[in-house]
Amino acid sequence: MQTMRDQIFTRIEKLGPGKAFSAKDFLDIGSRGTVDMAFGSLIRNGKIRRIRRGLYDMPKINEALGGNLSPDIDEAARAIARRQRWKIVPDGAWAANLLGLSTQVPSKIIYLTDGPNNEVPIGRRTIHFKHARPKAMAGLEGKFALVVQALRYLGKEAVGQPEIETLREALSPAEKRKLVKDARFGVDWIYEVAKRIAEKAA
């Protein structure tokens, strides 16, 4: 029979390297004290690392250099949002980078949120949570939010066939169909782009 520590680590392994988490993600397994003790043991054994107070990951390994990669900023942001029960959406330039539409990492990583304004240092970067009005967040969820924010940032004239192909590869067939459905009542040109992305998903 697995101990609670083993159950916790089994779940972490299933999440995979790079995924960030907090104690709240494991409270269905044990009490906060039990989870914290398990985390402490796993840190001492080198299984996981603390990336800031109350936030952890199982680091990805750089195969060439044999060392740990820096924490995944998007994973860290999502773990923080789960812990705080915030809704978050990556802002334009960062959304474009996450989708592979831009190779440039913005100097300021911003997430729109229904929570308060906040800044959270993660490694050498800082995540900026920017409070947005409920109207600005309405209907923005999952990959749809990511794509819409990225397209708004790029603008209609900057979205050509290379960008369409990148988004086709980034989205599953189900996500493409949902994108078309969710974009139907939004900005016309984004809806037209969504239809082009989904053409091969039919």
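For the structure, check the block above.
Let us look at the structure shown here.

Analysis parameters
Residues numbered from 1 in each chain as written. Predicted model: local features only at pLDDT ≥ 70, side-chain atom pairs only at ≥ 80, totals over all residues. Heavy atoms only, no water. Salt bridge = Lys/Arg side-chain N within 4 Å of Asp/Glu carboxyl O. Helix = DSSP H or I, 4+ residues; strand = E, 2+ residues; numbered from the N terminus. Buried < 20%, exposed > 50% of the residue type's maximum accessible area, 1.4 Å probe, protein only. Polar contact = N/O pair within 3.5 Å; in protein donor to acceptor, adjacent residues only side chain to side chain. Pairing = 2+ DSSP bridges. 1 Å grid on protein atoms, 1.4 Å probe; cavity = no way out; pocket = protein on both sides within 12 Å on 5 of 7 lines; lining within 4 Å. Points joined across faces, edges and corners; volume = space filled by probe spheres on them. Nonpolar A, V, L, I, M, F, W, Y, C, P; charged D, E, K, R; others polar.

Across all of its chains, the model carries twelve salt bridges by this definition. Among the salt bridges present, the one from Arg78 reaches Asp74, with a minimum N-O distance of 3.0 Å. With Arg78 and Asp74 both in helix 3 (residues 73–84), this residue pair falls four residues apart, about one helical turn. Looking at Arg78, the relative accessible area reads 31%, which means it is partly exposed. The structure contains a network of salt bridges with shared partners spanning Glu165, Arg168 and Glu199.

It is worth spelling out the side chain of Asp57 at this point. Considering the arrangement of structural elements, one finds Asp57 in strand 3 (residues 55–57). At 2.7 Å, the side chain of Asp57 and the side chain of Arg49 are in polar contact.

As judged from the three bridges shared by strand 2 (residues 49–52) and strand 3, these two strands associate in the antiparallel manner. Each residue of the ladder has a partner; that of Arg50, found in strand 3, is Tyr56. The antiparallel pairing of strand 2 with strand 3 creates a hairpin that spans two residues between the two strands, and Gly54 there sits at a positive phi of about 80°.

So, on to the layout of surface pockets. The space that makes up the largest pocket amounts to roughly 300 Å³. For the largest pocket, the lining is made up of 18 residues, of which Glu141, Gly142, Lys143, Phe144 and Ala145 are closest to its centre. Mapped onto the lining of the largest pocket, the elements with two or more residues apiece are strand 6 (88–90), helix 6 (142–154) and helix 8 (173–183). Here the lining of the largest pocket gets six residues from one element, more than from any other, and that element is helix 6. Here the lining of the largest pocket is composed, by residue class, of ten nonpolar, one polar and seven charged.

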